[in-house]
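Residue strings, one per chain:
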Amino acid sequence: MKPFVHKRHEHLVFGLLLSGMMSFIVSGISTILARGVTPGLPLQWFGAWIPSWAIAFPAVLVVAPFVRRILHRLVIP
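In every chain, residue numbers begin from 1 and rise along the written sequence. Local features in this predicted model are restricted to residues of pLDDT 70 or higher, and side-chain atom pairs are both shown and tallied only at a pLDDT of 80 or more, whereas totals for entire chains, interfaces and linings draw on every residue. The basis for the side-chain values is all heavy atoms of the structure; hydrogens and waters are excluded.

**Q** Break down the overall build of the protein for me, with residues and values.
**A** Helix and strand content of the protein: 2 helices and 0 strands. On C-alpha atoms alone, the protein measures out to a radius of gyration of 16 Å, which is more than a quarter above the 11 Å that the 2.2 N^0.38 rule sets for 77 residues. Taking the principal axes of its C-alpha atoms as reference, the protein extends roughly 50 × 35 × 20 Å. Evaluated residue by residue, the protein yields a buried proportion of 13% over its 77 residues. Long-range contacts, defined as pairs at least 24 residues apart, comprise 62% of the intrachain contacts of the protein with a sequence gap of at least 6. Accessible area for the protein stands at about 6400 Å²; split by element, carbon and sulfur atoms hold 77% of it. Helix and strand definitions follow DSSP, with helices as H or I runs of at least four residues and strands as E runs of at least two, each counted in order from the N terminus. Here the globule rule is a power law, 2.2 Å times the number of residues to the power 0.38, and the radius of gyration is based on C-alpha atoms. Only protein chains enter the accessibility calculation, which uses a 1.4 Å probe; a residue whose area is less than 20% of its type maximum is buried, one above 50% is exposed, and one in between is partly exposed. The contact definition used throughout considers only heavy atoms, calling two residues in contact when any of these lie within 4.5 Å. Working definition of accessibility: Shrake-Rupley area with a 1.4 Å probe, residue cover restricted to the visible protein chains.

**Q** Give me the lowdown on the packing of helix α1 (residues 10–35) against helix α2 (residues 41–74), citing residues and values where you can.
**A** Axes are the key here: two packed helices are described by the angle between their axes and the distance separating the axes. As a packed pair, α1 and α2 sit with axes 7 Å apart at the nearest point and diverge in direction by 140°. Relative to α2, the element α1 lies oblique. In terms of crossing hand, the pair formed by α1 and α2 is right-handed. Under the grouping applied here, Gly and all other residues not named as nonpolar or charged are polar, the nonpolar ones being Ala, Val, Leu, Ile, Met, Phe, Trp, Tyr, Cys and Pro and the charged ones Asp, Glu, Lys and Arg. Tallied by class, residues from the contact of α1 with α2 come to 14 nonpolar, 10 polar and 1 charged. As a rule, the C-alpha atoms of each element are fitted with a line to give its axis, helices using only the stretch in contact, and angles between N-to-C directions run from 0 to 180 degrees. The labels follow the angle: roughly parallel below 35 degrees, roughly antiparallel above 145, roughly perpendicular from 65 to 115, and oblique for the rest. Two helices cross in a left-handed way if the nearer one is turned anticlockwise from the farther one by less than a right angle. They cross in a right-handed way if the turn is clockwise.

**Q** I'd like to hear about α2, residue by residue, with values.
**A** The first and last C-alpha atoms of α2 sit only 41 Å apart over 34 residues, clearly below the 50 Å expected at 1.5 Å per residue. By definition, a residue's bend is the angle between the axes fitted to the seven residues ending there and the seven starting there. Helix geometry: α2 is bent most strongly at V63, by close to 35°, with proline P65 lying one to four residues after it. The set of residues buried in α2 consists of L41, W49 and A56. For a helix, the expected span equals 1.5 Å multiplied by the number of residues minus one.

**Q** So, a nonpolar patch on the surface: which residues are in play, and what are the values?
**A** On the surface, a cluster of nonpolar side chains totalling about 780 Å² of accessible area is made up of F14, L18, M22, F24, I25, V26, I29 and L33. Using a relative accessible area of 35% as the deciding quantity, one classes L18 as partly exposed. Here a patch means residues that are over 30% exposed by relative accessible area and free of salt bridges, tied together within 9 Å if like-charged and within 5 Å if nonpolar (Val, Leu, Ile, Met, Phe, Trp, Tyr). The term salt bridge refers to a side-chain nitrogen of Lys or Arg lying within 4 Å of a carboxyl oxygen of Asp or Glu.

**Q** If you had to explain the environment of L12 to someone new, which residues and values would you point to?
**A** Tracing the chain through its elements places L12 in helix α1. With 49 residues separating them in the primary sequence, L12 and L61 have C-alpha atoms 7.4 Å apart. Apart from the residues lying within four places of it in its own chain, the contact partners of L12 are F57 and L61.

So, in structure tokens, the structure goes:
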């Protein structure tokens, strides 16, 4: 696949993909634990995932710079 995202937008796409994947996994586990494995699981999971992603994406963009600063203090150069 040919790259199509400009370097200056890399942090946004990173946050979008990271938050999407993480919220998908966490909402799936939470949905299964709360409701069990039922025939309507995929629809319930999707219904839980979309609002979770809407919260997770801006949260990742806000929290990431703080995590990078903490990491720079912890990692030996």
